Amino acid sequence: MDELVATLRAARHVAVMTGAGASAESGIPTFRDAMSGLWSRFDALELATPEAFARDPALVWGWYEWRRMMALRAQPNAGHRAIAAMAAKVPRFTLITQNVDDLHERAGHDAVLHLHGSLHRPRCSVCALPHVSPPEIPAEPRNGRRLAPPACHRCGGPVRPGVVWFGEILLERTLRAAQLAAGECDVFFSVGTSSQVYPAAQLPQIAQHAGAVVVQVNPDRTALDDSARHNLRGQAGEILPRLVRAAWGDEATAAAS
Ligand code: BJW
Ligand code: ZN
């Protein structure tokens, strides 16, 4: 920890990339443990594809509505708040997430690079018109229910979740900005991701090749273990507040809570 604390205090640009593990302590299941209750008969990786939506839109839309309701009811956790506290302490900070919830924004970030899109920006699957629904009170998540997607207000096509599925291209300007930050930062954190999905999994490699110190926060081993300079083994909500306190003192985390 001492070496890392000194590196962090001297850093001019810190980049953090989060994955599903960062939201796990807010009660949102990780992607690879994702299916609980009635959804456990499905494979999450098979629902997150354009082919699944084309085959059975109500199945896929129902699953995403279940997850959207869970995300609306969840609150940012100590890990999200520690990342916000770190952002306030370093001269330049870039936050990249693979997550489709808005818990980083609700912890205080206004410029999050959402590599895989958002649960809260549905659009027409035919003409791409953003779909605006009336304000709502988040309902009890409906586990395992099929639900017909709404129809587009312009062309009547089925509305789809505003996320990036397997085989789809990431938004170019978002990916570019993330790659640029990875290549320019002094310290790159990979938090709560299994590092299996590309091109996100390339970002710590870009950072390392450009000379940054790569830090991983994860209770389990991942594909990144061998190349990360520091493997902080544990939950993001415990490790990150401890690290921020060690680097900048108690008031740094108090300001973010
Ligand atoms: C904790 C914790 C706690 C628990 N604290 N940690 C190059 C090589 C090989 C294949 C490809 C390649 N380039 C592209 C591909 C194909 C594909 C891909 O990567 N496949 C791999 C599986 C091999 N990629 C794509 O298709 C991408 N598109 C693309 O590249 O276009 C060009 C192209 C297309 C086709 C061929 C070639 C090029 C798009 C990828 C989109 C991924 N989309 C999803 C769904 C998003 C919407 C949704 O949420 O439903 O994104 S899939 C899913 O995985 C989701 C996640 O964001 C993503 C990553 O998952 P993550 O975050 O790592 O979650 P988990 O569950 O895997 O891990 C959680 C971790 O947390 C674990 O390690 C726990 O231990 C840890 N944890 N509690 C800290 N408290
Ligand atoms: Zn349309």
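Novice: What should I look at first to understand the site of ligand 1 in this one?
Specialist: Around ligand 1, 33 residues are found, and the nearest of them are R32, Y64, R67, G167 and S194. In the model, an oxygen atom of ligand 1 is placed 3.5 Å from a nitrogen or oxygen of the G21 main chain. Mapped onto the shell around ligand 1, the elements with two or more residues apiece are α2 (21-24) and α5 (57-73). Taken together, the residues that form the shell around ligand 1 break down as 16 nonpolar, 12 polar and 5 charged.

Novice: Would you mind going over the packing of aromatic side chains with me for this structure?
Specialist: Geometrically, a pair of aromatic rings is defined through the distance of the ring centres and the angle of the planes. If you walk through the whole model with that rule in mind, you get 3 aromatic pairs. Seen from their ring centres, Y64 and W165 are 6.1 Å apart, and the 55° between their planes marks the pair as tilted. Here Y64 is found in helix α5, whereas its partner W165 is found in the loop between β5 (159-163) and α8 (172-184), with 101 residues between them in sequence. Put simply, the rings of F53, W63, Y64 and W165 touch in pairs and so form one group of aromatic residues. For R160, the ring lying beneath its charged end belongs to W165, and the centroid distance is 4.0 Å.

Conventions used here
- Residues numbered from 1 in each chain as written.
- Chains lettered and ligands numbered in written order.
- Predicted model: local features only at pLDDT ≥ 70, side-chain atom pairs only at ≥ 80, totals over all residues.
- Heavy atoms only, no water.
- Near = heavy atom within 4 Å.
- Polar contact = N/O pair within 3.5 Å; in protein donor to acceptor, adjacent residues only side chain to side chain.
- Helix = DSSP H or I, 4+ residues; strand = E, 2+ residues; numbered from the N terminus.
- Nonpolar A, V, L, I, M, F, W, Y, C, P; charged D, E, K, R; others polar.
- Phe/Tyr/Trp six-rings, centres within 6.5 Å; stacked < 30°, edge-to-face > 60°.
- Lys NZ or Arg CZ within 6 Å of the ring centre and 35° of its normal.

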